[in-house]
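# Structural features, examined
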Amino acid sequence: MALIVQKYGGTSVADTKRIQNVAERVAKTYDAGNQVVVILSAMSGVTDKLIGMAGSLSDMPDKRELDVLLSTGEQTTAALLAIALKSMNYKAESMLGFQADIQTDCNFGDARIVDIGAHRIKSGLDRGEIIVAAGFQGCDAYGNITTLGRGGSDTSAVAIAAAIEADMCEIYTDVDGIYTADPNVCDKARKINTISCDEMLEMASLGAKVLHKRSVEFALKHKVLVYVRSSFNEEEGTMVVNGENDMERPVVSGITFSKNEARITLKRVPDRPGIAAAVFTPVADADINVDMIIQNTQAGGTTDMTFTVSKDDYKGTLSLEKEIARKIGAEAVLGDENIAKVSIIGVGMKSHSGVASMMFDALAKENINIIMISTSEIRISCVVAEDKAELAVRVLHTAFGLDKTE
Ligand code: ADP
Ligand code: ASP
Ligand code: MG
């Protein structure tokens, strides 16, 4: 007997027919003699629809109330699956975030799980129940409902798996596993049988939404075995493993892109000590993450400063920087929302030189202009025009020999 956590994403629970399909899969796992905890997302499109409804009433919906609203998407699917299982004569119990004791901080809309009291889930399991928990939601120390950030149900699943010491956390989604690039963008992408947490963390951080970044952090920290596969077929999926594989790894193992990027430039900033702090401290104080930064020194004691933030933070950062530019005497503030970040990832890069120039060459051959570059030990990212992102992914996929052979 194993203790298995199964998470089903939005497309897997998109309507009652698919929820019935999930109920049958869950029942099969239970009938095989396992204990099962199911974590559900909202039906696909529902979270967006709820955000749209709030947006039609307010430009800046109150974050606490928005979380109360968004959590209803997962409340619906959890209740429906429990209803389906009970009608099939299984003992099942739905649990909302607070009932499953998912304790978070107070950061509405992007809350972090601080602890999970495993007691209630475990005692349900001991009674022979199938536990159906609503993903994406938790509860802060004051009893407020919180949500974990878009795509956060993966994190609910892995965190619960860690808390109850599950043998395996299965993530059921609409693709057969983790691919060398988004298979919906690159039809030559190959399915990866096993991927290290380090590489997956990098891929998730750089735009591969197949797993929520924080779910991989939990898997790494608590050594949870994560298996990503499709809820629509019986194909083998991808195992996310702690530590590196023994296998010979390709230099580049995956390509990602993110369109959730925007660029801001401060022109002709006076070049003196303390200026970077003046430009970036107010941004950090507003809880906005700055990603890439470039500084170009100009003649006449001035410098241009360019940096990227997520598109969600673009407008807020632009107005902050206009205020700062006025105070420090910068000439102008420019912005560009039509950019994307394309990245190549691979632990094999650590011991190989010439990878960056290969990337730049491949993009140049397709006339794709590189706007910004950043590197780490196991990745290289380039900012390009937003409408070139998909092409760049395909070009790099071929250039680094990742295309499937058929
Ligand atoms: P779910 O609703 O099941 O959580 P998501 O839409 O959040 O599903 O994540 C699955 C999607 O992730 C896929 O449909 C695919 O387009 C995208 N994706 C991006 N990069 C990858 C990748 N490297 N491998 C597999 N899927 C990827
Ligand atoms: N329903 C939430 C979202 O759409 C959480 C999730 O699906 O993981 O972001
Ligand atoms: Mg998801």
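Rules and cut-offs
- Residues numbered from 1 in each chain as written.
- Chains lettered and ligands numbered in written order.
- Predicted model: local features only at pLDDT ≥ 70, side-chain atom pairs only at ≥ 80, totals over all residues.
- Heavy atoms only, no water.
- Helix = DSSP H or I, 4+ residues; strand = E, 2+ residues; numbered from the N terminus.
- Rg over C-alpha atoms; globule rule 2.2 N^0.38 Å.
- Buried < 20%, exposed > 50% of the residue type's maximum accessible area, 1.4 Å probe, protein only.
- Areas by Shrake-Rupley, 256 points an atom, 1.4 Å probe, with all protein chains shown as cover.
- Lys, Arg positive; Asp, Glu negative; His and termini not counted.
- Charge placed at Lys NZ, Arg CZ, Asp CG, Glu CD.
- Near = heavy atom within 4 Å.
- Polar contact = N/O pair within 3.5 Å; in protein donor to acceptor, adjacent residues only side chain to side chain.
- Nonpolar A, V, L, I, M, F, W, Y, C, P; charged D, E, K, R; others polar.
- Salt bridge = Lys/Arg side-chain N within 4 Å of Asp/Glu carboxyl O.
- Expected span 1.5 Å × (residues − 1).
- Contact = heavy atoms within 4.5 Å.

## Notes on the overall build of the protein
Within the protein, the secondary structure is distributed over 11 helices and 18 strands. Compactness check: the protein gives a C-alpha radius of gyration of 23 Å against a globular reference of 22 Å for 406 residues, within 12% of the reference. In the protein, which comprises 406 residues, the share counted as buried stands at 51%. For the protein, the exposed area adds up to about 18,800 Å²; of that, 49% sits on carbon and sulfur atoms. Here the protein carries 42 positive and 56 negative side-chain charges, and the mean point of each set is 2 Å from the other.

## Comments concerning the site of ligand 1
In the region of ligand 1, 18 residues are neighbours, and T173, D174, Y179, D182 and N184 sit closest. Within the side chain of K7, a nitrogen or oxygen atom sits 3.0 Å from an oxygen atom of ligand 1. Contact with the protein chains hides 88% of the accessible area of ligand 1, taken as 570 Å² for the molecule alone. Here the residues of the shell around ligand 1 are counted per class, giving 9 nonpolar, 5 polar and 4 charged.

## A closer look at the site of ligand 2
Surveying the vicinity of ligand 2 reveals the residues S41, A42, T47, E74, F136, R150, G151, G152 and S153. In the environment of ligand 2, a nitrogen atom lies 2.8 Å from a nitrogen or oxygen atom belonging to the side chain of T47. In this structure, G151 approaches ligand 2 through a main-chain N or O atom, which is 2.8 Å from an oxygen atom. For ligand 2, whose unbound accessible area comes to 260 Å², protein coverage reaches 86%. Classifying every residue of the shell around ligand 2 gives 2 nonpolar, 5 polar and 2 charged.

## So, the pattern of salt bridges
Counting across every chain of the model gives 19 salt bridges. Across the pair E234 and R25 runs a salt bridge, and its minimum N-O distance is 3.4 Å. Placement of the pair is E234 in the loop between β11 (226-230) and β12 (238-241) and R25 in helix α1 (residues 16-31), with a sequence separation of 209 residues. Given the relative accessible area of 54%, E234 is considered exposed. Residue R25 is classed as buried on the basis of its relative accessible area of 13%. Ionic pairing is found between E235 and K191, a salt bridge with its closest N-O pair at 4.0 Å. A residue pair is termed long-range when its members are at least 10 positions apart, and E235 in the loop between β11 and β12 and K191 in the loop between β9 (168-173) and β10 (194-196) qualify at 44 residues. Look at E235 and you get partly exposed, because its relative accessible area is 41%. Connected through salt bridges with shared partners, the residues E93, R120, R127 and E129 form a single ionic network.

## With respect to α1
Taking 1.5 Å per residue, 16 residues should reach 22 Å; α1 reaches 22 Å between its end C-alpha atoms and fits that length. Summarising the contacts, the buried residues of α1 are in contact with β1 (3-8), β2 (35-40), α3 (63-87), β6 (130-134), β9 and β11. The backbone nitrogen of K17 lies 3.2 Å from a side-chain oxygen of the residue at the head of α1, namely D15. Note on α1: the residue one or two positions beyond its end, G33, has a positive phi of about 100°.

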